[in-house]
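# Chains, contacts and geometry: an overview
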Amino acid sequence: MADRKNFGSKLGVVLASAGSAVGLGNIWRFPTEVGENGGAAFVLVYLLCVILVGVPIMLGEFVIGRHTHANTATAYQQLAPGKWWRVQGTMGVLVAFIISCYYMVVAGWTLYYAYASLTGALQYQGDDATYFSDFFDNFVTHPWLPVLFAMLFMVMVHGIIVKGVQDGIERFSKVMMPMLLLIIAVLTVCAFSLPGSSEGLRYLLHPDFSKLSAQTVLNAIGQAFYSLSLAMGCLCTYASYFRDDTNLVKTAFSVSLIDTMVALLAGFIIFPAVFSVPGLEPGDGPGLVFKSLPYIFSHAFASMPVMGYIFSLLFYLLLFLAALTSAISIHEPVTAYLHEVHQMSRRKAALWVTMVSVVLGVVCSLSCGLLGDMKILGMTLFDCFDALPAKILMPVGGIIISLFTGWYLDRKLVEDELTNYGKLRFPLFPVFIFLLRWVIPVAIALVMV
Ligand code: PFF
(Lines give C-alpha, C1' and ligand atoms only; values in the text may rest on other atoms or scores of the structure.)
Protein backbone atom coordinates (compact mmCIF):
# COMPACT_ATOMS: atom_id res chain seq x y z
CA MET A 1 0.00 0.00 0.00
CA ALA A 2 1.69 3.13 -1.17
CA ASP A 3 -0.18 5.44 1.22
CA ARG A 4 0.41 3.32 4.30
CA LYS A 5 1.78 5.32 7.27
CA ASN A 6 4.00 4.01 10.07
CA PHE A 7 4.31 5.10 13.68
CA GLY A 8 6.75 8.01 13.80
CA SER A 9 8.92 7.17 16.83
CA LYS A 10 10.06 4.32 19.06
CA LEU A 11 8.29 5.82 22.04
CA GLY A 12 5.17 6.16 19.94
CA VAL A 13 5.34 2.44 19.11
CA VAL A 14 5.60 1.38 22.76
CA LEU A 15 2.98 3.82 24.00
CA ALA A 16 0.49 3.07 21.25
CA SER A 17 0.87 -0.68 21.85
CA ALA A 18 0.71 -0.20 25.60
CA GLY A 19 -2.29 2.03 24.98
CA SER A 20 -3.97 -0.87 23.26
CA ALA A 21 -3.05 -3.31 26.02
CA VAL A 22 -3.79 -1.14 29.04
CA GLY A 23 -7.50 -0.51 29.32
CA LEU A 24 -10.65 -1.81 30.90
CA GLY A 25 -9.08 -5.27 30.81
CA ASN A 26 -6.60 -4.23 33.49
CA ILE A 27 -8.63 -1.98 35.71
CA TRP A 28 -12.12 -3.39 35.31
CA ARG A 29 -11.86 -6.99 34.05
CA PHE A 30 -8.74 -8.16 35.91
CA PRO A 31 -10.10 -7.44 39.42
CA THR A 32 -13.45 -8.95 38.41
CA GLU A 33 -11.73 -12.16 37.26
CA VAL A 34 -9.50 -12.27 40.33
CA GLY A 35 -12.58 -11.90 42.53
CA GLU A 36 -14.57 -14.56 40.68
CA ASN A 37 -11.67 -17.02 40.57
CA GLY A 38 -10.58 -16.98 44.16
CA GLY A 39 -7.81 -14.38 44.52
CA ALA A 40 -4.06 -14.90 44.78
CA ALA A 41 -3.86 -18.35 43.16
CA PHE A 42 -5.49 -16.90 40.06
CA VAL A 43 -3.03 -13.99 40.08
CA LEU A 44 -0.10 -16.43 40.11
CA VAL A 45 -1.48 -18.48 37.24
CA TYR A 46 -2.19 -15.25 35.38
CA LEU A 47 1.43 -14.11 35.73
CA LEU A 48 2.66 -17.44 34.39
CA CYS A 49 0.27 -17.14 31.46
CA VAL A 50 1.58 -13.67 30.62
CA ILE A 51 5.20 -14.82 30.60
CA LEU A 52 4.87 -18.25 29.00
CA VAL A 53 1.93 -17.68 26.67
CA GLY A 54 1.29 -13.95 26.26
CA VAL A 55 4.77 -12.66 25.45
CA PRO A 56 5.59 -15.37 22.85
CA ILE A 57 2.24 -14.90 21.10
CA MET A 58 2.69 -11.15 21.10
CA LEU A 59 6.07 -11.65 19.45
CA GLY A 60 4.46 -13.98 16.92
CA GLU A 61 1.89 -11.31 16.05
CA PHE A 62 4.59 -8.66 15.80
CA VAL A 63 6.55 -10.83 13.36
CA ILE A 64 3.49 -11.44 11.18
CA GLY A 65 2.41 -7.78 11.16
CA ARG A 66 5.79 -6.12 10.73
CA HIS A 67 6.99 -8.56 8.07
CA THR A 68 3.96 -8.03 5.84
CA HIS A 69 3.07 -4.40 6.66
CA ALA A 70 -0.53 -5.31 5.94
CA ASN A 71 -3.86 -5.71 7.72
CA THR A 72 -4.29 -9.07 9.45
CA ALA A 73 -6.31 -10.81 6.76
CA THR A 74 -3.86 -9.80 4.01
CA ALA A 75 -0.90 -10.62 6.26
CA TYR A 76 -1.88 -14.28 6.65
CA GLN A 77 -2.85 -14.47 2.99
CA GLN A 78 0.59 -13.17 1.99
CA LEU A 79 2.48 -15.51 4.29
CA ALA A 80 0.40 -18.59 3.51
CA PRO A 81 -1.30 -18.01 0.17
CA GLY A 82 -4.27 -20.30 -0.39
CA LYS A 83 -3.75 -22.15 2.92
CA TRP A 84 -6.34 -22.45 5.70
CA TRP A 85 -4.11 -20.42 8.03
CA ARG A 86 -5.59 -17.31 6.51
CA VAL A 87 -8.82 -18.05 8.38
CA GLN A 88 -7.03 -16.76 11.50
CA GLY A 89 -6.53 -13.40 9.80
CA THR A 90 -10.23 -13.00 9.18
CA MET A 91 -11.18 -14.53 12.51
CA GLY A 92 -9.01 -11.96 14.27
CA VAL A 93 -10.98 -9.19 12.59
CA LEU A 94 -14.24 -10.83 13.67
CA VAL A 95 -13.16 -11.21 17.30
CA ALA A 96 -12.04 -7.58 17.38
CA PHE A 97 -15.46 -6.65 16.15
CA ILE A 98 -17.33 -8.68 18.78
CA ILE A 99 -15.23 -7.17 21.55
CA SER A 100 -15.73 -3.69 20.18
CA CYS A 101 -19.51 -4.02 20.60
CA TYR A 102 -19.48 -4.65 24.31
CA TYR A 103 -16.28 -2.77 25.14
CA MET A 104 -18.03 0.45 24.22
CA VAL A 105 -20.72 -0.32 26.79
CA VAL A 106 -18.30 -0.53 29.72
CA ALA A 107 -16.34 2.41 28.32
CA GLY A 108 -19.62 4.33 28.32
CA TRP A 109 -19.96 3.52 32.03
CA THR A 110 -16.53 5.05 32.66
CA LEU A 111 -17.52 8.17 30.75
CA TYR A 112 -20.69 8.47 32.81
CA TYR A 113 -18.73 8.02 36.03
CA ALA A 114 -16.35 10.79 34.94
CA TYR A 115 -19.39 12.97 34.35
CA ALA A 116 -20.95 11.98 37.70
CA SER A 117 -17.65 12.78 39.42
CA LEU A 118 -17.67 16.18 37.78
CA THR A 119 -21.20 16.98 38.92
CA GLY A 120 -20.41 15.75 42.44
CA ALA A 121 -22.96 12.90 42.29
CA LEU A 122 -20.24 10.45 43.34
CA GLN A 123 -19.42 12.32 46.54
CA TYR A 124 -21.30 10.60 49.34
CA GLN A 125 -20.12 10.30 52.92
CA GLY A 126 -23.39 9.19 54.49
CA ASP A 127 -24.13 5.94 56.33
CA ASP A 128 -25.96 4.06 53.62
CA ALA A 129 -23.49 1.27 52.81
CA THR A 130 -25.33 0.36 49.62
CA TYR A 131 -25.29 3.87 48.15
CA PHE A 132 -22.64 3.17 45.51
CA SER A 133 -24.00 -0.29 44.64
CA ASP A 134 -27.45 1.17 44.12
CA PHE A 135 -25.99 4.05 42.15
CA PHE A 136 -24.31 1.62 39.75
CA ASP A 137 -27.27 -0.76 39.48
CA ASN A 138 -29.68 2.09 38.81
CA PHE A 139 -27.42 3.47 36.14
CA VAL A 140 -26.77 0.27 34.15
CA THR A 141 -30.44 -0.71 34.18
CA HIS A 142 -31.57 2.78 33.12
CA PRO A 143 -33.40 2.55 29.76
CA TRP A 144 -31.29 5.08 27.83
CA LEU A 145 -28.55 6.69 29.90
CA PRO A 146 -25.88 3.97 29.46
CA VAL A 147 -26.79 3.74 25.78
CA LEU A 148 -26.25 7.45 25.35
CA PHE A 149 -22.83 7.36 26.99
CA ALA A 150 -21.74 4.29 25.01
CA MET A 151 -22.71 6.08 21.81
CA LEU A 152 -20.85 9.22 22.83
CA PHE A 153 -17.78 7.09 23.47
CA MET A 154 -18.01 5.48 20.04
CA VAL A 155 -18.26 8.88 18.35
CA MET A 156 -14.95 9.83 19.98
CA VAL A 157 -13.29 6.57 18.91
CA HIS A 158 -14.50 7.25 15.40
CA GLY A 159 -13.05 10.76 15.43
CA ILE A 160 -9.58 9.48 16.34
CA ILE A 161 -9.65 6.59 13.89
CA VAL A 162 -10.45 8.76 10.90
CA LYS A 163 -7.46 10.96 11.74
CA GLY A 164 -5.20 8.00 11.03
CA VAL A 165 -2.19 6.31 12.55
CA GLN A 166 0.25 9.12 13.41
CA ASP A 167 -1.98 12.11 13.99
CA GLY A 168 -4.71 10.11 15.69
CA ILE A 169 -3.52 6.97 17.45
CA GLU A 170 0.13 7.82 18.16
CA ARG A 171 -0.24 11.44 19.22
CA PHE A 172 -3.11 10.61 21.53
CA SER A 173 -1.39 7.62 23.20
CA LYS A 174 1.78 9.61 23.89
CA VAL A 175 -0.07 12.04 26.12
CA MET A 176 -2.53 9.69 27.76
CA MET A 177 -0.39 6.76 28.83
CA PRO A 178 2.08 8.62 31.10
CA MET A 179 -0.82 10.45 32.76
CA LEU A 180 -2.63 7.20 33.41
CA LEU A 181 0.43 5.57 34.98
CA LEU A 182 0.95 8.53 37.27
CA ILE A 183 -2.58 8.62 38.60
CA ILE A 184 -2.60 4.87 39.19
CA ALA A 185 0.54 5.17 41.30
CA VAL A 186 -1.03 7.91 43.43
CA LEU A 187 -4.23 5.93 43.92
CA THR A 188 -2.32 2.86 45.05
CA VAL A 189 -0.84 4.87 47.89
CA CYS A 190 -4.33 6.14 48.85
CA ALA A 191 -5.79 2.63 48.82
CA PHE A 192 -3.14 1.39 51.23
CA SER A 193 -4.34 3.92 53.77
CA LEU A 194 -7.84 2.37 53.93
CA PRO A 195 -8.88 0.36 57.01
CA GLY A 196 -9.47 -2.88 55.05
CA SER A 197 -6.23 -2.69 53.11
CA SER A 198 -4.42 -5.52 54.93
CA GLU A 199 -7.25 -7.94 54.23
CA GLY A 200 -7.27 -6.85 50.60
CA LEU A 201 -3.54 -7.42 50.35
CA ARG A 202 -3.81 -10.86 51.94
CA TYR A 203 -6.47 -11.75 49.40
CA LEU A 204 -4.10 -10.84 46.58
CA LEU A 205 -0.89 -12.25 48.03
CA HIS A 206 -1.80 -15.48 49.87
CA PRO A 207 -2.73 -18.13 47.33
CA ASP A 208 -5.21 -20.86 48.18
CA PHE A 209 -4.42 -23.52 45.60
CA SER A 210 -7.48 -25.56 46.45
CA LYS A 211 -9.41 -22.92 44.49
CA LEU A 212 -7.57 -23.77 41.25
CA SER A 213 -9.27 -25.75 38.50
CA ALA A 214 -8.94 -26.13 34.73
CA GLN A 215 -11.63 -23.48 34.44
CA THR A 216 -9.53 -21.07 36.51
CA VAL A 217 -6.54 -21.67 34.27
CA LEU A 218 -8.64 -21.15 31.14
CA ASN A 219 -9.96 -17.93 32.62
CA ALA A 220 -6.40 -16.82 33.35
CA ILE A 221 -5.33 -17.58 29.78
CA GLY A 222 -8.38 -15.73 28.44
CA GLN A 223 -7.62 -12.77 30.69
CA ALA A 224 -3.98 -12.68 29.53
CA PHE A 225 -5.08 -12.66 25.89
CA TYR A 226 -7.67 -10.04 26.58
CA SER A 227 -5.43 -7.80 28.60
CA LEU A 228 -2.51 -7.99 26.18
CA SER A 229 -4.84 -7.46 23.18
CA LEU A 230 -3.80 -10.76 21.62
CA ALA A 231 -5.29 -13.06 18.98
CA MET A 232 -7.63 -10.54 17.44
CA GLY A 233 -5.42 -8.79 15.01
CA CYS A 234 -4.93 -5.64 17.11
CA LEU A 235 -1.25 -5.85 17.83
CA CYS A 236 -0.66 -7.59 14.51
CA THR A 237 -2.23 -4.58 12.78
CA TYR A 238 -0.26 -2.13 14.96
CA ALA A 239 2.95 -4.04 14.17
CA SER A 240 2.21 -3.54 10.50
CA TYR A 241 2.77 0.18 11.22
CA PHE A 242 6.08 -0.46 13.05
CA ARG A 243 9.20 0.75 11.32
CA ASP A 244 11.90 -1.67 10.22
CA ASP A 245 14.24 -0.54 13.02
CA THR A 246 11.68 -1.19 15.78
CA ASN A 247 13.03 -3.67 18.33
CA LEU A 248 10.17 -6.19 18.48
CA VAL A 249 11.47 -8.12 21.48
CA LYS A 250 12.02 -5.05 23.60
CA THR A 251 8.64 -3.66 22.62
CA ALA A 252 6.83 -6.91 23.52
CA PHE A 253 8.53 -7.09 26.92
CA SER A 254 7.91 -3.41 27.69
CA VAL A 255 4.24 -3.61 26.72
CA SER A 256 3.67 -6.80 28.72
CA LEU A 257 5.46 -5.36 31.73
CA ILE A 258 3.50 -2.11 31.70
CA ASP A 259 0.25 -4.00 31.19
CA THR A 260 0.89 -6.45 34.02
CA MET A 261 2.00 -3.74 36.41
CA VAL A 262 -1.14 -1.74 35.77
CA ALA A 263 -3.32 -4.83 36.33
CA LEU A 264 -1.58 -5.65 39.61
CA LEU A 265 -1.75 -2.06 40.79
CA ALA A 266 -5.45 -2.01 39.91
CA GLY A 267 -5.81 -5.07 42.16
CA PHE A 268 -3.90 -3.32 44.92
CA ILE A 269 -6.22 -0.34 44.62
CA ILE A 270 -9.49 -2.21 44.34
CA PHE A 271 -9.27 -5.07 46.83
CA PRO A 272 -8.38 -2.94 49.85
CA ALA A 273 -11.41 -0.85 48.88
CA VAL A 274 -13.63 -3.91 48.44
CA PHE A 275 -12.73 -5.12 51.92
CA SER A 276 -13.38 -1.67 53.34
CA VAL A 277 -16.88 -1.34 51.89
CA PRO A 278 -19.56 -3.02 53.98
CA GLY A 279 -21.60 -5.51 51.97
CA LEU A 280 -19.23 -5.76 49.00
CA GLU A 281 -17.67 -9.14 48.13
CA PRO A 282 -14.67 -9.83 45.85
CA GLY A 283 -16.87 -12.08 43.68
CA ASP A 284 -19.45 -9.38 42.98
CA GLY A 285 -18.71 -9.33 39.26
CA PRO A 286 -18.57 -6.58 36.65
CA GLY A 287 -19.84 -3.83 38.95
CA LEU A 288 -16.97 -4.30 41.42
CA VAL A 289 -14.79 -1.41 40.27
CA PHE A 290 -17.71 0.94 39.92
CA LYS A 291 -19.03 0.14 43.36
CA SER A 292 -15.80 0.03 45.35
CA LEU A 293 -13.71 2.90 43.98
CA PRO A 294 -16.20 5.71 44.61
CA TYR A 295 -16.05 4.57 48.21
CA ILE A 296 -12.29 5.20 48.32
CA PHE A 297 -12.74 8.63 46.84
CA SER A 298 -15.44 9.58 49.33
CA HIS A 299 -14.12 7.91 52.47
CA ALA A 300 -10.33 7.87 52.22
CA PHE A 301 -10.48 11.61 51.68
CA ALA A 302 -13.34 12.30 54.10
CA SER A 303 -11.28 14.99 55.82
CA MET A 304 -10.33 16.57 52.48
CA PRO A 305 -13.39 16.22 50.21
CA VAL A 306 -11.82 18.40 47.53
CA MET A 307 -9.08 15.83 47.05
CA GLY A 308 -11.67 13.06 46.83
CA TYR A 309 -13.48 15.06 44.21
CA ILE A 310 -10.33 15.67 42.17
CA PHE A 311 -9.14 12.07 42.35
CA SER A 312 -12.51 10.66 41.46
CA LEU A 313 -12.75 12.91 38.44
CA LEU A 314 -9.19 12.22 37.35
CA PHE A 315 -9.49 8.50 37.81
CA TYR A 316 -12.65 8.02 35.79
CA LEU A 317 -11.43 10.41 33.16
CA LEU A 318 -8.23 8.44 32.81
CA LEU A 319 -10.01 5.10 32.91
CA PHE A 320 -12.15 6.42 30.13
CA LEU A 321 -9.07 7.54 28.20
CA ALA A 322 -7.39 4.16 28.73
CA ALA A 323 -10.54 2.59 27.33
CA LEU A 324 -10.34 4.99 24.41
CA THR A 325 -6.78 4.03 23.45
CA SER A 326 -7.78 0.36 23.63
CA ALA A 327 -11.02 0.87 21.74
CA ILE A 328 -9.23 2.55 18.85
CA SER A 329 -6.91 -0.44 18.67
CA ILE A 330 -9.95 -2.73 18.46
CA HIS A 331 -11.51 -0.56 15.79
CA GLU A 332 -8.32 -0.28 13.72
CA PRO A 333 -7.96 -3.92 12.50
CA VAL A 334 -11.53 -3.94 11.22
CA THR A 335 -11.17 -0.52 9.60
CA ALA A 336 -7.80 -1.44 8.04
CA TYR A 337 -9.32 -4.69 6.78
CA LEU A 338 -12.27 -2.99 5.07
CA HIS A 339 -10.03 -0.21 3.74
CA GLU A 340 -7.32 -2.43 2.33
CA VAL A 341 -9.17 -5.61 1.39
CA HIS A 342 -12.49 -4.19 0.28
CA GLN A 343 -10.97 -0.99 -1.09
CA MET A 344 -13.25 1.37 0.82
CA SER A 345 -11.92 4.79 1.70
CA ARG A 346 -10.59 4.87 5.28
CA ARG A 347 -13.33 7.28 6.25
CA LYS A 348 -16.09 5.06 4.87
CA ALA A 349 -14.57 1.90 6.35
CA ALA A 350 -14.39 3.53 9.79
CA LEU A 351 -17.97 4.71 9.48
CA TRP A 352 -19.24 1.20 8.73
CA VAL A 353 -17.39 -0.28 11.68
CA THR A 354 -18.65 2.44 14.00
CA MET A 355 -22.25 2.16 12.86
CA VAL A 356 -22.52 -1.61 13.10
CA SER A 357 -20.70 -1.64 16.48
CA VAL A 358 -23.08 0.98 17.80
CA VAL A 359 -26.18 -1.01 16.79
CA LEU A 360 -24.88 -4.19 18.43
CA GLY A 361 -23.47 -2.21 21.35
CA VAL A 362 -26.86 -0.70 22.07
CA VAL A 363 -28.42 -4.17 22.26
CA CYS A 364 -25.56 -5.27 24.51
CA SER A 365 -26.08 -2.31 26.78
CA LEU A 366 -29.81 -2.92 27.00
CA SER A 367 -29.14 -6.53 27.92
CA CYS A 368 -27.95 -5.24 31.32
CA GLY A 369 -31.40 -3.77 31.94
CA LEU A 370 -34.47 -3.74 29.69
CA LEU A 371 -33.45 -6.83 27.71
CA GLY A 372 -32.06 -8.64 30.75
CA ASP A 373 -34.37 -11.61 30.20
CA MET A 374 -32.99 -12.28 26.73
CA LYS A 375 -30.52 -15.09 27.47
CA ILE A 376 -28.27 -17.29 25.36
CA LEU A 377 -27.05 -20.43 27.16
CA GLY A 378 -28.17 -18.81 30.39
CA MET A 379 -26.07 -15.67 29.79
CA THR A 380 -27.12 -12.15 28.91
CA LEU A 381 -25.91 -10.85 25.58
CA PHE A 382 -23.39 -8.67 27.42
CA ASP A 383 -21.91 -11.72 29.16
CA CYS A 384 -21.89 -13.69 25.89
CA PHE A 385 -19.98 -10.95 24.07
CA ASP A 386 -17.43 -11.05 26.87
CA ALA A 387 -17.19 -14.81 27.31
CA LEU A 388 -17.21 -15.97 23.68
CA PRO A 389 -14.01 -14.16 22.66
CA ALA A 390 -12.16 -14.52 25.98
CA LYS A 391 -13.02 -18.15 26.71
CA ILE A 392 -13.15 -19.63 23.22
CA LEU A 393 -12.11 -17.48 20.26
CA MET A 394 -8.95 -15.95 21.74
CA PRO A 395 -7.51 -19.18 23.17
CA VAL A 396 -8.22 -20.96 19.86
CA GLY A 397 -6.68 -18.02 17.98
CA GLY A 398 -3.68 -18.30 20.31
CA ILE A 399 -3.19 -21.96 19.38
CA ILE A 400 -3.35 -21.11 15.68
CA ILE A 401 -0.89 -18.19 15.97
CA SER A 402 1.59 -20.27 17.95
CA LEU A 403 1.43 -23.16 15.46
CA PHE A 404 1.63 -20.78 12.53
CA THR A 405 4.69 -18.93 13.85
CA GLY A 406 6.35 -21.97 15.42
CA TRP A 407 5.84 -24.55 12.67
CA TYR A 408 4.63 -23.01 9.45
CA LEU A 409 6.68 -19.83 9.11
CA ASP A 410 10.25 -20.17 7.97
CA ARG A 411 12.41 -20.16 11.12
CA LYS A 412 14.90 -17.84 9.45
CA LEU A 413 12.17 -15.32 8.61
CA VAL A 414 11.02 -15.28 12.23
CA GLU A 415 14.57 -14.91 13.57
CA ASP A 416 15.36 -12.18 11.03
CA GLU A 417 12.34 -10.16 12.10
CA LEU A 418 13.10 -10.56 15.79
CA THR A 419 16.74 -9.56 15.35
CA ASN A 420 16.14 -6.92 12.68
CA TYR A 421 18.10 -9.01 10.20
CA GLY A 422 21.03 -9.69 12.51
CA LYS A 423 21.38 -6.18 13.94
CA LEU A 424 20.05 -7.20 17.38
CA ARG A 425 20.62 -10.20 19.62
CA PHE A 426 17.85 -12.47 20.87
CA PRO A 427 19.51 -15.32 22.78
CA LEU A 428 16.15 -16.68 23.95
CA PHE A 429 15.06 -17.41 20.39
CA PRO A 430 15.23 -21.25 20.77
CA VAL A 431 13.16 -21.03 23.97
CA PHE A 432 10.66 -18.84 22.17
CA ILE A 433 10.30 -21.35 19.32
CA PHE A 434 10.01 -24.25 21.77
CA LEU A 435 7.21 -22.50 23.63
CA LEU A 436 5.37 -21.75 20.42
CA ARG A 437 5.77 -25.22 19.00
CA TRP A 438 5.01 -27.36 22.01
CA VAL A 439 4.14 -25.70 25.26
CA ILE A 440 1.52 -23.13 24.25
CA PRO A 441 -0.66 -25.14 21.85
CA VAL A 442 -0.60 -28.24 24.05
CA ALA A 443 -1.27 -26.32 27.26
CA ILE A 444 -4.17 -24.30 25.84
CA ALA A 445 -5.70 -27.33 24.15
CA LEU A 446 -5.48 -29.41 27.33
CA VAL A 447 -7.04 -26.72 29.45
CA MET A 448 -9.83 -26.15 26.94
CA VAL A 449 -10.63 -29.84 26.67
N1 PFF B 1 -6.37 -5.00 26.05
C2 PFF B 1 -7.49 -4.15 26.22
C3 PFF B 1 -7.78 -4.00 27.69
O4 PFF B 1 -7.11 -4.63 28.50
O5 PFF B 1 -8.71 -3.28 28.01
C6 PFF B 1 -8.73 -4.64 25.55
C7 PFF B 1 -8.55 -5.07 24.19
C8 PFF B 1 -7.89 -4.26 23.27
C9 PFF B 1 -9.01 -6.27 23.87
C10 PFF B 1 -7.71 -4.71 22.01
C11 PFF B 1 -8.86 -6.71 22.62
C12 PFF B 1 -8.20 -5.92 21.70
F13 PFF B 1 -8.06 -6.38 20.51
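Scope of this entry: the structure provided in the associated data block.

### Quick look at the overall build of the protein chain
Counting its regular elements, the protein chain contains 18 helices and 2 strands. Its C-alpha atoms give the protein chain a radius of gyration of 21 Å, within 12% of the compact-globule value 22 Å for 449 residues. The dimensions of the protein chain, computed from C-alpha atoms along their principal axes, are 65 × 50 × 45 Å. A buried classification covers 61% of the 449 residues belonging to the protein chain. The average position of the 25 basic charges and that of the 26 acidic charges among the side chains of the protein chain differ by 12 Å.

### Quick word on helix H3 (residues 40-68)
For H3, spanning 29 residues, the distance from its first C-alpha to its last is 40 Å, which sits close to the expected 42 Å at 1.5 Å a residue. The largest bend in H3 comes to about 40°, at Val50. Of all 29 residues in H3, 23 are buried, a share of seventy percent or more. Downstream of H3 by one or two residues, His69 has phi in the positive range, about 50°.

### Examining the nonpolar core
Counting residues in each nonpolar core, the largest one holds 166 residues, and the members touching the most others are Trp109, Phe153, Tyr316 and Leu418. In terms of residue count, helix H5 (residues 86-119) provides more of this core than any other element does, 20 residues in total. Ignoring anything within four residues of it in the chain, the contact list for Trp109 reads Trp28, Phe136, Phe139, Val140, Pro146, Pro286, Phe290, Cys368 and Phe382.

### So, the environment of Leu446
On the secondary structure map, Leu446 appears in helix H18 (residues 429-448). The exposure class of Leu446 is exposed, given its relative accessible area of 63%. Here the alpha-carbon distance between Leu446 and Leu317, two residues 129 residues apart in the chain, equals 41 Å.

### Let's talk about the site of the ligand
Near the ligand lie 15 residues; those nearest to it are Gly25, Tyr103, Tyr226, Met232 and Cys234. Note that an oxygen atom of the ligand is positioned 2.5 Å from one of the side-chain N or O atoms of Tyr103. Bound to the protein, the ligand loses 100% of the 330 Å² it would expose on its own. The cavity that encloses the ligand is the largest cavity. Of all the secondary structure elements, the ones that give two or more residues to the shell around the ligand are helix H1 (10-21), helix H2 (24-36), helix H10 (214-227) and helix H14 (305-341). Classifying every residue of the shell around the ligand by side-chain character gives 7 nonpolar, 8 polar and no charged.

Thresholds applied
Residues numbered from 1 in each chain as written. Predicted model: local features only at pLDDT ≥ 70, side-chain atom pairs only at ≥ 80, totals over all residues. Heavy atoms only, no water. Helix = DSSP H or I, 4+ residues; strand = E, 2+ residues; numbered from the N terminus. Rg over C-alpha atoms; globule rule 2.2 N^0.38 Å. Buried < 20%, exposed > 50% of the residue type's maximum accessible area, 1.4 Å probe, protein only. Lys, Arg positive; Asp, Glu negative; His and termini not counted. Charge placed at Lys NZ, Arg CZ, Asp CG, Glu CD. Expected span 1.5 Å × (residues − 1). Bend = angle between axes of the 7 residues up to and from the residue. Core = buried A, V, L, I, M, F, W, Y, C linked by side-chain atoms within 4.5 Å. Contact = heavy atoms within 4.5 Å. Near = heavy atom within 4 Å. Polar contact = N/O pair within 3.5 Å; in protein donor to acceptor, adjacent residues only side chain to side chain. Areas by Shrake-Rupley, 256 points an atom, 1.4 Å probe, with all protein chains shown as cover. 1 Å grid on protein atoms, 1.4 Å probe; cavity = no way out; pocket = protein on both sides within 12 Å on 5 of 7 lines; lining within 4 Å. Sits in = over half its atoms within 2 Å of the grid points. Nonpolar A, V, L, I, M, F, W, Y, C, P; charged D, E, K, R; others polar.

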